[in-house]
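Here are the chains, one letter per residue:
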Amino acid sequence: MMLTAENYFSQEANQAYMSVSQFKAFEKCEAAALAELNSTYKREKSTALLVGTYIDAYFEGTLGAFKAENPEIFMKNGALKAGYRKAEDIIQRIENEPAFMEMLSGQKQVIKTGLIDGIPVKIKMDVYFPNEKIVDLKIMRNFEPIWKDGQKMPWFAAWGYDLQGAVYQVIEGNHLPFYLAAATKEPVTDIQGLYIPQEYLDERMEYFRGMAPRYAAIKRGEIAPTRCEHCDFCKLTKAFKVIDAADLYYDMEI
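Reading the values: rules and limits
- Residues numbered from 1 in each chain as written.
- Predicted model: local features only at pLDDT ≥ 70, side-chain atom pairs only at ≥ 80, totals over all residues.
- Heavy atoms only, no water.
- Axes fitted to C-alpha atoms, helices over the stretch in contact; angles between N-to-C directions.
- Helix = DSSP H or I, 4+ residues; strand = E, 2+ residues; numbered from the N terminus.
- Parallel < 35°, antiparallel > 145°, perpendicular 65-115°, else oblique.
- Left-handed = near helix turned anticlockwise from the far one by under 90°.
- Contact = heavy atoms within 4.5 Å.
- Nonpolar A, V, L, I, M, F, W, Y, C, P; charged D, E, K, R; others polar.
- Pairing = 2+ DSSP bridges.
- Phe/Tyr/Trp six-rings, centres within 6.5 Å; stacked < 30°, edge-to-face > 60°.
- Buried < 20%, exposed > 50% of the residue type's maximum accessible area, 1.4 Å probe, protein only.
- Salt bridge = Lys/Arg side-chain N within 4 Å of Asp/Glu carboxyl O.

1. A few points about the packing of helix α2 (residues 20-28) against helix α9 (residues 161-172)
It is at 10 Å that the axes of α2 and α9 come closest, and there the two elements cross at 135°. Considering their axes alone, α2 and α9 lie oblique with respect to each other. Regarding α2 and α9, the two cross each other, and that crossing is right-handed. Along its contact with α2, which presents V20, F23 and K24, the element α9 presents Y161, L163, Q164, V167 and Y168. For the contact of α2 with α9, the per-class residue count stands at six nonpolar, one polar and one charged.

See below:
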């Protein structure tokens, strides 16, 4: 299947290829990821997601298409509704910083596909400097460390952006340096450029290689997905049952 900007996010493409976002969806809840892949469940778009996507569309030059796909966030005069206007402040902050804009000056939204251990994988690079570097634009809540899986982690690791860089490197084929160009949604927008060291990327690629075969097998229907029992999909589809109240104390201890 030949991927284009028009079909990159289609169900057909998602069935044919694994992506970083799909991999992370399986990490979070295999059952929800498979249901979404099979079009039996659809996650609602959050305000935070739409703000970030608006900014992505602005810098990649596809704002017209974004407006057509998300008319609910705009007023009749074309301006953003109140809950989404922070996007304009973030854009202005980025545009006022020449070094940030230089990081965004490469080729936009470059699609590539390839195999990782026999598994078809697709990537869409925000900003691509051939033979030089890969840059991904991130719009974050803030840059504070995040508790995940019982440990405190830097924001880029907690959100799996090192994993993203690792996959992009391998599919691009030249193991180019991977950078993040990030801004926050805070009342006063913060900005940060981040270089992800190669050893971090190599470690996350080993993790990807370890888990991707399982997720690919789930997609093929060879393995039953595991439910997390915490996400919206699992809440929506769980069966009512009575449990022993003592189990709640046990769950607090582990």
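2. Here we look at the pairing of strand β7 (residues 191-195)
Summarising the sheet, strand β6 (residues 178-184) and β7 pair through five bridges and their orientation is antiparallel. Opposite A183, over in β7, you have I191 as the bridge partner. Counting the residues in the hairpin turn of β6 and β7 gives six residues.

3. Comments concerning the packing of aromatic side chains
Summed over the entire model, instances satisfying the criterion amount to 15 aromatic pairs. Ring centres 4.9 Å apart and planes at 85° place the aromatic pair Y8 and F9 in the edge-to-face group. Residue classification places F9 among the exposed residues on the basis of a relative accessible area of 59%. With 5.7 Å between their ring centres and 80° between their planes, Y54 and F66 make a pair best called edge-to-face. Taken together, the residues Y54 in helix α4 (residues 47-60) and F66 in helix α5 (residues 63-69) connect sequence positions twelve residues apart. A relative accessible area of 4% places F66 in the buried class.

4. What to know about the pattern of salt bridges
Overall, the coordinates contain ten salt bridges when judged by the stated rule. As a salt-bridge pair, E30 and R214 come within 2.7 Å of each other at their nearest N and O atoms. Here R214 lies in helix α10 (residues 198-219) and E30 lies in helix α3 (residues 30-37), a separation of 184 residues in the sequence. A salt bridge links K133 to E102; the shortest N-O distance between them is 3.8 Å. With K133 in strand β3 (residues 133-140) and E102 in helix α7 (residues 98-103), this pair connects stretches of sequence that are 31 residues apart. Overall, K133 belongs to the buried group, its relative accessible area being 9%. Judged by relative accessible area, E102 falls into the partly exposed class, the value being 39%. Several salt bridges share partner residues, and in doing so they unite E102, E132 and K133 into one network.

5. Some thoughts on the side chain of E30
By relative accessible area, E30 is classed as buried at 9%. E30 has contacts with R214, Y215, I218, A224, P225 and T226, leaving out every residue within four places of it along the chain.

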